[in-house]
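# Tertiary structure, described
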There are 4 protein chains.
Amino acid sequence: MIVVLKSGVEQEKQAQLIDWLSEQGLQVHISQGEYQTVLGLVGDTTRVDMDLIGSLGIVDSVKRVTEPFKCCNRKFHPEDTVVQVGNVRIGGGHFCMMAGPCSVESEEQIVAVAKAVKASGADMLRGGAFKPRTSPYDFAGLKAEGLELLKIARQETGLPIVTEIMSIVDLHLFEDVDVLQVGARNMQNFDLLRELGKTRKPILLKRGLANTLKELLMSAEYIMASGNEQVILCERGIRTFDDYTRNTLDLAAVPMLHELTHLPVIVDPSHATGINRLVSPMALAAAACGADGLIIEVHNDPIHALCDGAQSLRPEQFDALARKVRTVREVALA
Amino acid sequence: MIVVLKSGVEQEKQAQLIDWLSEQGLQVHISQGEYQTVLGLVGDTTRVDMDLIGSLGIVDSVKRVTEPFKCCNRKFHPEDTVVQVGNVRIGGGHFCMMAGPCSVESEEQIVAVAKAVKASGADMLRGGAFKPRTSPYDFAGLKAEGLELLKIARQETGLPIVTEIMSIVDLHLFEDVDVLQVGARNMQNFDLLRELGKTRKPILLKRGLANTLKELLMSAEYIMASGNEQVILCERGIRTFDDYTRNTLDLAAVPMLHELTHLPVIVDPSHATGINRLVSPMALAAAACGADGLIIEVHNDPIHALCDGAQSLRPEQFDALARKVRTVREVALA
Amino acid sequence: MIVVLKSGVEQEKQAQLIDWLSEQGLQVHISQGEYQTVLGLVGDTTRVDMDLIGSLGIVDSVKRVTEPFKCCNRKFHPEDTVVQVGNVRIGGGHFCMMAGPCSVESEEQIVAVAKAVKASGADMLRGGAFKPRTSPYDFAGLKAEGLELLKIARQETGLPIVTEIMSIVDLHLFEDVDVLQVGARNMQNFDLLRELGKTRKPILLKRGLANTLKELLMSAEYIMASGNEQVILCERGIRTFDDYTRNTLDLAAVPMLHELTHLPVIVDPSHATGINRLVSPMALAAAACGADGLIIEVHNDPIHALCDGAQSLRPEQFDALARKVRTVREVALA
Amino acid sequence: MIVVLKSGVEQEKQAQLIDWLSEQGLQVHISQGEYQTVLGLVGDTTRVDMDLIGSLGIVDSVKRVTEPFKCCNRKFHPEDTVVQVGNVRIGGGHFCMMAGPCSVESEEQIVAVAKAVKASGADMLRGGAFKPRTSPYDFAGLKAEGLELLKIARQETGLPIVTEIMSIVDLHLFEDVDVLQVGARNMQNFDLLRELGKTRKPILLKRGLANTLKELLMSAEYIMASGNEQVILCERGIRTFDDYTRNTLDLAAVPMLHELTHLPVIVDPSHATGINRLVSPMALAAAACGADGLIIEVHNDPIHALCDGAQSLRPEQFDALARKVRTVREVALA
């Protein structure tokens with residue numbers, strides 16, 4: 001860690017700071033420049049409160065030289081992590097298509113969609129049983145019943161299932177689920193992350209609406225530090241001033257995350273854009289910049305089919321996309 | 001709810017949409033304009049999925065005319081809510097100063113700070129026992145022990161205590177806490193909100209880093225819809241491109257929230273700015289634009305005192321601020 | 001234009017507003033709903049101040065039904081515009097690669113880079129002669145001399161040249177330039193846009209750091225309303241809370257702009273990311289989601305070559321990218 | 001300037017970088033840490049391209065220790081600058097109220113508003129003659145005629161006038177204007193800034209919608225480096241995800257700018273919020289946190305008066321505000 005002092009700092013205050021840092025068990029190397037003094041801190045700096053030091057009156061700035069994340073850091077683990085779910089692999093060159101409806105609504109619906117997406121080449125079935133809703137008056141999902149319907153669809157098609165968990169208290173209900181999803185709003189629900197770290201289930205961790213890549217990696221670190229190394233990261237759009245799409249899909253995060261971490265990175269173009277017509281172009285773009293997979297909403301109900309709208313694709317639209325997406329990826333990564 | 005159709009929509013598609021809306025139990029009033037058609041939906045529209053309709057291919061836009069929040073809506077409850085905690089009142093003209101250290105560290109520390117802030121006129125003691133930390137390796141608070149120390153400080157000073165709860169599973173530990181705080185990262189932890197709605201404790205609900213005022217009000221609605229009407233809202237900075245302060249304090253939210261809701265609104269200038277030197281000016285600004293209270297970090301430990309830094313105020317700085325802040329408020333609201 | 005009134009508005013105030021609107025030459029259709037009143041305004045609403053009406057005390061919201069942009073609106077001009085520069089075409093299925101150094105530095109440099117990018121298949125040469133710099137102390141480009149060097153490079157290679165114009169007063173210097181670029185900081189320099197509208201030169205208009213797509217289109221409209229229909233739009237990243245790249249590349253803008261306008265849309269992955277290693281993946285992603293072209297920084301100077309850094313590609317990196325990018329596009333758009 | 005190298009950098013590459021830096025005329029001090037190497041650069045680093053170095057493959061990060069702004073830097077000029085316009089002073093303890101209509105519309109209008117705001121204690125008259133408009137079809141102001149009407153209002157009231165200049169080519173028209181305003185969209189119109197630096201007129205420089213404080217100061221530096229030291233900075237809201245106000249007023253910028261620079265800082269609550277009802281609370285908040293002045297829209301036309309709306313205050317609202325604002329400031333700064 002490097003601490004840059006303000007110019008013209010009194011010697012006495014500087015000495016007091018150095019004493020205090022030493023008391024924290026750190027070695028302090030002093031570089032006295034012509035214009036400024038720089039302190040290099042050596043030792044276990046993971047416990048040092050960078051914000052506190054940075055805001056001290058005599059400190060100009062403070063910079064962490066070693067990243068605070070370890071388990072998910074590519075520096076310490078250069079090879080790609082491959083997450084395996086049954087026969088399906090994600091990462092390390094394995095591309096995975098997850099598809100399914102926003103919400104599980106009925107056995108008929110989920111089985112029909114599961115069969116359709118499987119026929120188009122999907123590797124996994126997604127579907128919401130526990131739904132986070134901004135309003136307490138909105139439909140919050142079929143919950144436990146929805147999980148059962150997902151399992152029926154799995155049995156019918158052989159597709160592993162991925163679905164969102166919102167609270168520790170529901171964890172026992174997810175024992176037979178293949179991949180547990182942590183939604184954007186829960187990316188920093190640290191108690192939930194820590195509990196999921198104690199399971200041995202693959203976790204699909206979505207980036208929060210206003211979270212940096214470092215924060216996303218620190219949340220993965222919570223899961224991994226508890227012993228679970230099966231984490232899949234998911235870019236799903238960030239909140240910006242822009243209002244023509246629901247969120248702004250930040251695709252440069254994909255190659256950047258691949259540089260920072262060995263974990264697989266997938267993209268959710270459905271929630272990122274919220275607009276049916278943008279899902280396929282953004283899915284192709286995600287594949288072209290190296291995403292390890294996609295998670296896409298597909299439905300088969302009449303209102304959508306009628307009006308060609310919403311963020312979900314109809315099965316035939318998903319089919320057309322699925323045909324192209326792997327070829328685009330192969331050409332781009334060749 | 002108003003649905004504006006795109007120009008040149010086929011009659012057949014329009015008819016199908018109207019049929020579908022009617023099936024949802026809504027009356028549909030059609031205004032055929034020269035350039036566009038507008039549908040007015042009457043009935044219980046709280047259950048209608050606005051995003052779904054808005055993204056249909058034939059729909060230009062959709063607008064909710066009645067806000068989706070009810071319990072906290074000033075339209076249905078014009079008088080200010082006054083939250084009462086012992087003898088302390090917040091809202092409806094009652095101004096409340098909450099002060100205390102970021103973390104509870106020891107009995108000596110918390111009692112000393114509590115006495116100091118009380119002497120300066122604080123109405124309530126704040127202090128973190130359960131601390132949300134971005135990194136799993138950081139100090140996460142003294143937890144249950146911290147809560148006990150807060151109670152000791154309350155006994156010594158008579159100040160009610162406010163402290164953060166992070167998870168439903170800890171709820172039983174907070175029975176003897178006066179005000180339960182929901183942090184910014186948990187503003188949309190809907191399961192937590194719903195459980196807190198079942199208690200009869202005042203809840204201090206902080207705005208999330210990237211949440212709109214409507215989303216903040218919908219989260220208050222979760223608590224209130226479960227039966228607990230004692231909610232205090234708190235503006236604590238939003239995440240923007242700006243990097244000189246930790247967050248951007250959005251003070252215009254104060255008068256705007258007062259227009260939208262009857263709930264009290266307080267401001268946290270310490271977390272919003274992250275810089276000691278900006279806390280007092282922003283606290284005064286918050287008082288000047290009508291905030292019902294402030295929550296401010298105050299500490300008494302040597303590294304802070306030494307270097308005049310961090311986001312916490314020293315007791316003497318808090319004292320100087322507390323002297324002014326009520327006068328500023330009186331002049332401004334006169 | 002649709003004006004939604006607040007519920008419970010006094011009849012007298014409503015009548016006064018309607019009178020005032022009628023005086024502006026608008027027909028006012030009144031829909032009295034159970035819960036709200038909606039006014040539909042018919043007539044020439046382009047001159048109506050939407051912000052003014054929207055902020056009136058009795059108005060809940062106001063919505064423009066017809067977009068305020070006309071010349072660039074796809075509704076009124078369904079076929080793609082193809083911008084032609086010599087033999088090079090952009091838009092309507094024609095893909096264009098613009099490449100070259102950030103700044104023109106010397107004849108040797110610009111000619112060498114021009115030859116290299118031409119050999120790799122670039123269609124146009126870019127290079128900055130007038131450079132907008134945040135600091136008055138930074139190198140602001142070779143100016144007129146830089147333009148002359150670009151022309152020499154054009155003569156040597158046959159590549160048309162594209163370069164930035166910053167001020168109306170320099171316009172006479174750009175007579176022999178093929179495409180005039182308006183930088184992100186000047187996207188709303190309305191006087192400059194209007195003057196460029198009077199030329200018959202193709203204009204490359206970059207999106208501002210914090211501008212919406214509608215604002216970008218309104219700026220294109222300034223140019224087109226003055227008579228110049230040769231406008232190329234360019235997405236080059238927006239400013240968000242995110243800090244790992246210089247800006248956040250908003251690729252969903254590409255398909256969205258194609259829906260809204262008939263103008264060609266290109267992408268600048270170099271300025272958007274500011275990081276060499278992200279340029280190629282983002283260029284491929286842009287091609288996959290339908291961009292009509294790319295503008296990419298390529299250099300050949302030793303410090304870059306030495307350290308494999310900066311936002312510029314080395315010629316051999318550009319060559320590898322150029323080989324792939326057209327194939328990715330063909331597969332994606334097939 | 002401090003350059004932190006990545007860990008494990010090859011000695012040869014490190015040596016090449018140090019050679020290259022030395023060739024730029026810089027002394028390079030090397031601190032070899034246990035985990036990383038830090039280079040301290042001494043010499044004239046204002047010309048060094050920080051972005052270039054920062055993006056080199058072997059560099060972890062680069063940090064400027066001395067700010068790149070000099071003329072406006074409080075470190076080199078500790079006393080407040082006081083800008084004087086006739087008898088009116090801004091800065092150094094002098095508070096200035098600028099008020100007037102958004103646009104100059106007629107002699108009758110501007111004289112009436114000028115008289116009203118003067119009676120309420122305004123120190124200066126604002127009014128737009130050249131109006132930047134997002135749409136080419138919108139009213140762009142009375143231009144030269146508007147300037148003449150402002151001068152008539154000045155003659156009638158004695159109030160100095162402040163009005164926006166949009167283009168260098170209009171500069172001759174502003175000779176008899178007291179304060180020239182640079183709007184948010186032109187904050188980085190560097191040619192305009194440089195020309196204004198050659199005049200000896202006070203310049204009111206508004207912060208751009210998406211500009212950092214450092215960028216604002218660098219734009220002030222453009223003006224000052226050309227010889228004009230009479231610069232007034234203005235915070236007028238930034239663009240964020242938030243949509244309930246037109247922009248997000250960033251009041252913490254006021255005390256922060258006072259720390260960084262000796263220039264006066266004023267606030268524009270009218271454009272920041274765009275909502276009449278928020279102007280007074282935000283004006284009081286600005287005064288409470290130390291702003292050196294306010295610029296406020298006041299009108300007297302019937303549609304506003306009728307409906308109590310828009311972002312402008314009616315004269316009687318301005319009068320009520322003006323009475324309080326100085327008292328709030330005195331109490332807060334006491």
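Residues numbered from 1 in each chain as written. Chains lettered and ligands numbered in written order. Predicted model: local features only at pLDDT ≥ 70, side-chain atom pairs only at ≥ 80, totals over all residues. Heavy atoms only, no water.

A separate point is the overall build of chain A. When its secondary structure is counted, chain A shows 11 helices and 14 strands. In terms of principal-axis extent, the alpha carbons of chain A reach across some 75 × 40 × 40 Å. For chain A, contacts bridging at least 24 residues in sequence account for 67% of all contacts bridging at least 6. When the accessible surface of chain A is summed, it comes to about 11,400 Å², and 48% of that surface belongs to carbon and sulfur atoms. Once the 34 positive and 43 negative side-chain charges of chain A are each reduced to a mean point, those two points are 3 Å apart. (Helix = DSSP H or I, 4+ residues; strand = E, 2+ residues; numbered from the N terminus. Contact = heavy atoms within 4.5 Å. Areas by Shrake-Rupley, 256 points an atom, 1.4 Å probe, with all protein chains shown as cover. Lys, Arg positive; Asp, Glu negative; His and termini not counted. Charge placed at Lys NZ, Arg CZ, Asp CG, Glu CD.)

Turning to the interface of chain D and chain C, a few remarks are in order. Listed per partner, the contact involves 52 residues of chain D and 52 residues of chain C. Around 4,600 Å² of area is buried between chain D and chain C when both sides are counted, 58% of it from carbon and sulfur atoms. Here chain D is connected to chain C by two salt bridges. Between E215 of chain D and R239 of chain C there is a salt bridge; the shortest N-O distance is 2.7 Å. Seen at the junction of chain D and chain C, the total is 12 residue pairs in polar contact (both at pLDDT 80 or more). When residues of the side of chain D that touches chain C are traced back to their parent elements, those giving at least two are α1 (11-23), α2 (50-54), α5 (190-198), α6 (213-225) and α10 (302-307) of chain D. With five residues, the single largest contributor to the side of chain D that touches chain C is α6 of chain D. Classifying every residue of the side of chain D that touches chain C gives 22 nonpolar, 16 polar and 14 charged. (Buried area = accessible area lost by both parts, 1.4 Å probe. Salt bridge = Lys/Arg side-chain N within 4 Å of Asp/Glu carboxyl O. Polar contact = N/O pair within 3.5 Å; in protein donor to acceptor, adjacent residues only side chain to side chain. Nonpolar A, V, L, I, M, F, W, Y, C, P; charged D, E, K, R; others polar.)

Residue-level contacts link 53 residues of chain A with 52 residues of chain B. Approximately 4,600 Å² of surface area, both sides summed, lies buried where chain A meets chain B, with 58% of it carried by carbon and sulfur atoms. Seen at the junction of chain A and chain B, the total is two salt bridges. Our count for the chain A to chain B interface comes out at 12 residue pairs in polar contact (both at pLDDT 80 or more). Within the residue set of the side of chain A that touches chain B, elements represented by two or more residues are α1 (11-23), α2 (50-54), α5 (190-198), α6 (213-225) and α10 (302-307) of chain A. Considering every element that reaches the side of chain A that touches chain B, the biggest residue donor is α6 of chain A, with five residues.

Okay, the packing of helix α9 (residues 276-288) of chain C against helix α11 (residues 315-333) of chain C next. All names here are of chain C. One way to put it is that α9 packs onto α11 with a least axis distance of 7 Å and a crossing angle of 25 degrees. In this view, α9 runs roughly parallel relative to α11, as classed from their interaxial angle. Taken as a pair, α9 and α11 cross one another with a handedness that is right-handed. Contacts between α9 and α11 pair N276, S280, A283, L284, A287 and A288 from the former with Q317, L321, K324, V325, V328, R329 and A332 from the latter. (Axes fitted to C-alpha atoms, helices over the stretch in contact; angles between N-to-C directions. Parallel < 35°, antiparallel > 145°, perpendicular 65-115°, else oblique. Left-handed = near helix turned anticlockwise from the far one by under 90°.)

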